[in-house]
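Read off the chains here:
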Amino acid sequence: MTANEIDGNGAVGGISNEQRSTHERVARPQHDTDKILIALNERSIVAVTDATGRITHVNDRFCELSQFRRDELIGRTHRVVNSGHHPAAFFADLWSTISEGRIWQGEICNRARDGSKYWLNTTIIPLMGDGDLPVSYVALRTEAKPRRDAEVAVRRLAYVDPVTGLENRAAMLRAIERITSSRTPSDEFSAFVTVSLDQLPSVNDAFGFEAGDRLLLDAGLRLKGLADGVTRVGRIGSHTYGVLRQDLGVELGAAEDAVRTTIGRMFEALSAASETFSGIVIGAGVSVGHVLWTSPGARGDPARVDAERGADAFIASDDANEVMKCSEIARKRAKRMSGQRRAQRFEQRMLDEVHDRMVLVSELRAGVERGELRLYAQSIVDRKRRVIGKEALIRWQHSSRGLIPPDEFIPIAEQTGLITQIGDWALERACQVLAHWAASEATDELTLAVNLSERQLHADGFEDRVREMISRYGIARARLKFELTESVLHSDLARTISLLEHLRADGVHASLDDFGTGYSSLNYLRRLPVQQLKIDRSFVSSIVEDDRTAAIAETIVRLARIFGLQVVGEGVETEEQFALLHALGVDAFQGYLFGGPEPIEAPAIAG
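What you are looking at is a predicted structure, and each value in this text was computed from that prediction instead of being measured.

What follows covers the packing of helix α7 (residues 200-207) against helix α8 (residues 209-224). Closest axis-to-axis distance for the α7/α8 pair is 7 Å, and the angle between their directions is 145°. For the pair α7 and α8, the contacting residues are L200, V203, N204 and F207 in the first and F209, A211, G212, L215 and L216 in the second.

The structure is reproduced here in structure tokens:
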């Protein structure tokens, strides 16, 4: 009933005399409603229902948003615009509130005729009649679009990559979770594939991040073409994309074939070169890793199922992070391969190796703090087999695993940065040993060589620490030597040369270890302030049997003579090797023929 149905005296058209007394009981509330409707009609979305919830009035804005004509709405309930978004309990609470005469406020999601959804800030006011019971309800609404748009924008930030417009890591993890949670224990396979644009860091460095973003966008658009009903594509890292395949069936072979097809399509999509803003064409170098997975317990033990292949063909997991992690581990393994198209399937041993490595890192860190490192030394002899010095070698006396050789923990120490702490410990321990040796005529002329890592050499204050330790322990500078490999020279060569020159000026000598194994030693030899070359053991081991190796060793000796350097042969194990190196003019020798590494029996002297 609307305002134009009421005359100026308040009489209601169409109502019989018999009904007049009944109407008068509700006329005043209706008249008040009409005033409200007239006032709010221009600004609000208005609907009025009777006590049973049937619509008796809607304004033009209600019709516009709902896309229903007024005559299609009058006499019906709001179920006609119910979006299905809210649970039944939501409406039960709403009706419980307004039927008691209380005002309800909240947000309601409605659905228009075309199926689109829209949100409304809603206030429902009960109009009370005699007996304190509602006789009708006025619903006043305003669009919640600005806030809802903001929420959509926030969700987009949370689940969409801003550079490529693809789903991000969080969205892909959520998609994996939906797969694992929606299927009951089933042996159906799914797969997750990760692919990295390995040249992106170089592009960023050479041409700037704008060019890198263009490369990312280009690759994302190409991969997006793979998306379909069973394949999703997202960007999960700075230069890494993820492809999720589901519904691969229950046959392992067929699932693997499907994944290989997908990877092939990925390679094809990314094989074409991309052009930067500056016109530079960049080729595609990509690494791909993938993992097949299924529900835990659905197929028994994966290792047993795949025993014929000798490696795990799939994992059983309901953890989205584990699925993605396994694919990433395989991708990083693929990156170590050669070629432009590198692909690797995840195998359980890879995860075991990563776990073992992390455990070893943790134990090494604790071992350093607990003082589990030990200093060993191997003798260096002159041409008359007299001991003239030793090389300090680090061993790790693990509390439960026993003595661990350096090749098992030094690479990890270098990767994690622990090598600086370990190197400083070795340097101070060497100074303590030299101070102890100086007290005996049998050892006071011996030198002690300490290996230097790139991190340690380039650490701030290294030169000052060397001087401080020499001074603290009162050792002769000429007795301390540093050994460095060519890898140390590949980073900040000018700084390395300057540091070595300063140390030489202080009387500390240096040796170039493993000479001949790198590709650029001759380049550096002219400039480096070293006093000694050490022929790598890989040459010495075959010098007797291989004339070409013997010729290389002879060339190294001649080069050393040109530059006025001493030559040490490493890894000498037989009399024949010693004799041949001796004949070539090698100055000193090191190897098991003269004794292996032994613990240094010297007290830890307080400086």
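The strand order β2-β1-β5-β4-β3 describes an open sheet built from five strands, whose pairing is antiparallel. The open sheet is flanked by β2 (55-58) and β3 (104-111), the only strands paired with a single partner. Pairwise comparison of adjacent strand axes, ignoring direction, gives a mean angle of 30° for this sheet. With nine bridges connecting them, strand β4 (residues 117-128) and strand β5 (residues 134-143) associate as antiparallel partners. Following the sheet pairing, I124 is matched in β5 by A139. The strands that helix α4 (residues 88-98) touches are β3, β4 and β5; relative to β3, the one it contacts most, it runs at about 140°.

Time to look at the confidence of the model for the protein. Overall, the prediction assigns the protein a mean pLDDT of 84, with 84% of residues at 70 or greater. A low-confidence stretch, residues 303-311 stays under pLDDT 50, and its non-local contacts, those more than four residues away or across chains, total 13 contacts.

Looking now at the layout of surface pockets. The computed volume of the largest pocket comes to approximately 970 Å³. In terms of lining, the largest pocket is formed by 41 residues, of which the most central are E391, P406, I410, N451 and D513. Listed by contribution, the elements that provide at least two residues to the lining of the largest pocket are β14 (373-382), β15 (387-398), α13 (406-416), α14 (418-437), β17 (447-451), α15 (454-457), β18 (480-484) and β19 (509-515). Partitioning the lining of the largest pocket into residue classes produces 18 nonpolar, 10 polar and 13 charged. The space that makes up the second largest pocket amounts to roughly 480 Å³. In this structure, the second largest pocket is lined by 20 residues; those nearest its centre are H78, R79, F91, L94 and W95. When contributions to the lining of the second largest pocket are tallied by element, the ones reaching two or more residues are α4, β3 and β5. When residues in the lining of the second largest pocket are grouped by element, the largest group, four residues, is from α4. Along the lines of polarity and charge, the residues of the lining of the second largest pocket split into 10 nonpolar, eight polar and two charged.

What follows concerns the environment of Q105. In this structure, Q105 sits in strand β3. A C-alpha to C-alpha distance of 9.7 Å links Q105 and A139, two positions 34 residues apart in sequence. Polar contacts involving the side chain of Q105 include one to the side chain of T123, which spans 3.3 Å.

What counts, and at which threshold
- Residues numbered from 1 in each chain as written.
- Predicted model: local features only at pLDDT ≥ 70, side-chain atom pairs only at ≥ 80, totals over all residues.
- Heavy atoms only, no water.
- Axes fitted to C-alpha atoms, helices over the stretch in contact; angles between N-to-C directions.
- Helix = DSSP H or I, 4+ residues; strand = E, 2+ residues; numbered from the N terminus.
- Contact = heavy atoms within 4.5 Å.
- Pairing = 2+ DSSP bridges.
- pLDDT = per-residue confidence, 0-100.
- 1 Å grid on protein atoms, 1.4 Å probe; cavity = no way out; pocket = protein on both sides within 12 Å on 5 of 7 lines; lining within 4 Å.
- Points joined across faces, edges and corners; volume = space filled by probe spheres on them.
- Nonpolar A, V, L, I, M, F, W, Y, C, P; charged D, E, K, R; others polar.
- Polar contact = N/O pair within 3.5 Å; in protein donor to acceptor, adjacent residues only side chain to side chain.

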